[in-house]
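These are the residues of each chain, in order.
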Amino acid sequence: MKVATMTMRGCLLMLASLTVGSAGGVHAADANNPASETAVPAEPAAAPEKPKIDIRKLFATNCSWCHQDYGMKAADGPKLAGTSLTEEQVIEQISRGKSPMPGFRKTLSKEQIEALAKYIKGLKDPAN
Amino acid sequence: MKHWSTQLTASVKALSVAALIGTSSAAMAVDGNTLLNADKDPNNWLTYHGSYKSWHYSDLGQINAANVKNLKVSWVHTPSASKRGVQSFPLAVDGVLYYTSASGQVWALDGATGEVKWKYSAKLDQERSEGTFYNPYNRGIAIGYGNVYMGTTDGRVIALDMNTGKVVWDKMILTVEGGNKGFTGAPVLVKDMIVIGSNGGELSGCCGPIFAVDAKTGEVRWQFDTIGGDERSRASWGNDSWKTGGGGGWMTGTYDAVTNSIWWGTANPAPDYDWAGEDWKTGGARPGDNLYSSSVVVLNADTGELKSWFQEMPHDAWDFDSAVGEFMSIERGGKRYMVHPNKGGIMFVYNADPSHAPLKVENAYMTGKTFNYIKGVDAKTGQLIGRRELPEGKHTNVCPAIDGATSWNTGSYNPNTGLMYKVGQEWCFDIEVVKSDPPPAFSGQAYFGASWTSTHPEGRKAFGYVTARDPITGTIKWEKEYKYPPLASLLSTKGNVVFVPGANGVFEALDARSGATLWSHNNGIGHHGGVITYTAKGKQYVAVVTGWGSHVAGNYCPLFGEPFCSMPTDAGQLLVFALP
C-alpha cells in the first residue's frame, strides 16, 4: 500500500502539506491518497493568525478508532471516502453523533469539525 | 471467616438437596456463600464465569459427545435492542434465564419455554453513554440476595428484584467530571458486595477505578484506582501523566476465597499510542512503566487494598490489555495457579499466593502465532523479550493488530480432559502513530493518536483457531483452525463437548478430547458473546447469544468480505438448544 510504505520523511512532508488555516482553509486531498502532496494551502502561509489545523492529526486523534486508513477503509465505522452525505450533513453527524458514533461538539471547535467535514468530502472512493 | 464457613456448610447442604431434586419450584437463595460452590451446582449458571474458578465448564452430561448430533433449537428470544449484537452471558437460576442486551436491557425468561417473565430497560444518560466508543455494550449481570445487578454505560449500578424486575436501588457509582467513562462489563458478587470495573483505557483521566458496592444498599464499600492510586503508580507516570492515563478494568475478574482476594485484569494506558519509541522510560506522553495499567491486580476483598500485582505489558505500546479473559483457578501437585490470558497472545501462569509481590510467574507462553511486537516472553519471569516500539511515524506489518491475538471473551477448562480450550485470532495492521495532544486532566475525553489499516499476516490470510492445551505447561493436545476467527466465549462439559460459537454464525460442538466436529447449526449471524448450559425441569439446555458489531468484529468485512460486509450490526438473539 502506497501510503503505508512511504518513508518517515515523506510522512512528515505530508503532514506539513496538510496543515491548513482554520478559517475554512482546509482543502480536499488527492482522490486516491488522502495524504497526497498535491494538496496546496488555500491561503498564503503567513496570512492566517488563528491556530492551524493539522487535519491528519485531527483525524487520527478523533476518528481513527472506527474509521481505518484516514477514512479510506471500512472497519467498525464505514468507509468515509465517497460518502453520500453532504458536507452539511457530515458536519451535523460529527457534531451530534449518530449512535454508536459519539458526537464531538463538546470536544472539538466549530472550525475543527468543519475542517474534518471538508477533508472527508474531499476523499474519493477509488472503487468508484 | 468463621461466619462465612458456617453459612457455607448450610449452603452446600442446600445445594445438595437442590441437585437431588433437579430444579425446585421455590426460588433458590443465592448469596456470597452460594457462589463459593457454584462449580458443584451444574443445574444453575450463577455468575459470569460460571464459578469463581472461571472454568466455563459444566458437570452436566445429558448432552454428550455421543448424542450432541441430535441437538435442536428449543426456543429463541429476540430482544428489542441489540445494536452491536448481544454480547452478554446469560445466568440461570432455578430454571429461569436472565440476560442483558444492548443499552441496559435485562430479560427474565422461563428457561424451558422462553416465556418472558419480566423485562427492564434502563433509562440511560444517552449523551454520556454515546460519548464513548463502547456504547451500547452490556456484557452481563450478577445475581444474589434476591436481586439482579447490572452496570450501565453511564456509570451506574442497578439492582433489580429477580422475581419482578422492579428497581431495588439505582446508584451513580462512577462520576467523571465532564467525561464519559462507564461500565460495560458484568459485575461479580463477592460475599455481600458487587464488584465491577470501569471502562476507558483510551479515555483521558484518572483513575480507572474498580468498585465494591454493598449488594443490599448500593453504597460504595471501597474503590481501587488502577492508576494514580498510590505512590508506586504515580512514580511510574512521568510528568504527572497518570492524570490523563486511562486504565480501568472493563471485564469481569474473580474471587479467590482461599486468600480472600479479588483478582482483576486492568486496561491499557492512554494515550493509545505513545510516540516515545525507545525512549519510553523518560520521554513521550507517559514516561515510565505506567502502573497498574495492562496488569493483574490482587486486592483484599474486604478493603480493596492492593496485595500484589504483575504488569504484563510494562509501558503498553500496543494496547494489549490485561482486562481481557478469565482467571482460571487450577490446582496441581499441591500448587495453586491462576492462569490468565493477555490480549497480546501470552498466557501467564501465576502462583495463586498473593504474598508474592509482584506476583510469582510460574510459567508464561505465547498463544499467538504471527506476533512480531515482541520476540517472545521469558517463561520464568514473564518479562517481554525484544520489544518492537511504535514511535511517531509509520509502521507496517505490526502483529497482532490493536485487536490482539485474543479478545475479551473467555476460554474453558475441562477437569476431565485436563485441557484448556481457547480461541485465537491472527491478523496484523499498518499503523501511523501521531503525536496526540493531551485532553484536560480527568476529562474522560478520548486520548489516542494513530491511524491504521488491518492487514493479513505475511504470506497468508488472516485466520483463527480453537486450541486445546495443558493450561500450566502450554502443551497443545489439539487445535482446529478456522477461516474466520471465532470471537465468542467457549463452554466445555462433562459430556466431553466443547461448544464453539463461530464468527460466521455457525455454532459448533467439538469433541473435547480430539477436536472433531460433532454437530453444527447455523444461527444466521455472528457470535461474540457468551454460552452456558443449565437445567430446567430436569432437562439440560445450552444457551448462546448471537449478534455482531464490536470494534474487533469491524475488521472482518475488510479482511474477509462476505458474509461479514452484509452482516447486520443491530440484530441478535438468545438461542436455546436441547435434545428432542
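Quick caveat, the model's predicted, so the values are computed rather than measured. (Residues numbered from 1 in each chain as written. Chains lettered and ligands numbered in written order. Predicted model: local features only at pLDDT ≥ 70, side-chain atom pairs only at ≥ 80, totals over all residues. Heavy atoms only, no water.)

Asker: Explain the overall build of chain B to me, using residue names and the numbers behind them.
Answerer: Helix and strand counts for chain B stand at five helices and 38 strands. Over its C-alpha atoms chain B spans a radius of gyration of 22 Å, differing by no more than 12% from the 25 Å that the globule rule assigns to 580 residues. Within chain B, the proportion of its 580 residues that are buried is 69%. By sequence separation, contacts in chain B at least 24 residues apart represent 63% of the contacts at least 6 residues apart. Between the mean site of the 49 positive side-chain charges and the mean site of the 54 negative ones, chain B shows a separation of 6 Å. (Helix = DSSP H or I, 4+ residues; strand = E, 2+ residues; numbered from the N terminus. Rg over C-alpha atoms; globule rule 2.2 N^0.38 Å. Buried < 20%, exposed > 50% of the residue type's maximum accessible area, 1.4 Å probe, protein only. Contact = heavy atoms within 4.5 Å. Lys, Arg positive; Asp, Glu negative; His and termini not counted. Charge placed at Lys NZ, Arg CZ, Asp CG, Glu CD.)

Asker: Before we move on, can you summarise the interface of chain A and chain B with the specific residues and values?
Answerer: On the chain B side, the residues contacting the 31 residues of chain A number 36 residues. For the pair chain A and chain B, the two sides together bury roughly 2800 Å², of which 53% comes from carbon and sulfur. Linking chain A with chain B are three salt bridges, by the criterion used here. Here Asp437 of chain B ties to Lys57 of chain A by a salt bridge, and the two come within 3.1 Å at their closest N and O atoms. Counting across the chain A and chain B interface gives 14 residue pairs in polar contact (both at pLDDT 80 or more). Contributions of two or more residues to the side of chain A that touches chain B are made by helix H1 (2–5), helix H2 (8–17) and helix H3 (55–62) of chain A. Considering each element in turn, the side of chain A that touches chain B owes the most residues, five residues, to H3 of chain A. Across the side of chain A that touches chain B, the residue classes break down as 17 nonpolar, seven polar and seven charged. (Buried area = accessible area lost by both parts, 1.4 Å probe. Salt bridge = Lys/Arg side-chain N within 4 Å of Asp/Glu carboxyl O. Polar contact = N/O pair within 3.5 Å; in protein donor to acceptor, adjacent residues only side chain to side chain. Nonpolar A, V, L, I, M, F, W, Y, C, P; charged D, E, K, R; others polar.)

Asker: Describe helix H5 (residues 110–122) of chain A, with residues and values.
Answerer: For H5 of chain A, spanning 13 residues, the distance from its first C-alpha to its last is 18 Å, which sits close to the expected 18 Å at 1.5 Å a residue. Burial in H5 of chain A covers these residues: Ile113, Ala115, Leu116, Ala117, Tyr119, Ile120 and Gly122 of chain A. (Expected span 1.5 Å × (residues − 1).)

Asker: How would you explain the state of the cysteines if you had to name every residue and give the values?
Answerer: Residue and element names in this part refer to chain B. For the structure shown, the criterion picks out two disulfides over all chains. Sulfur-sulfur distance for the disulfide between Cys557 and Cys565 comes to 2.0 Å. Between Cys557 and Cys565, the S-S dihedral sits near 95°, and the bridge is therefore right-handed. Owing to a relative accessible area of 25%, Cys557 belongs among the partly exposed residues under this scheme. (Disulfide = S-S within 2.5 Å.)

These figures come from the coordinates and say nothing about function on their own.
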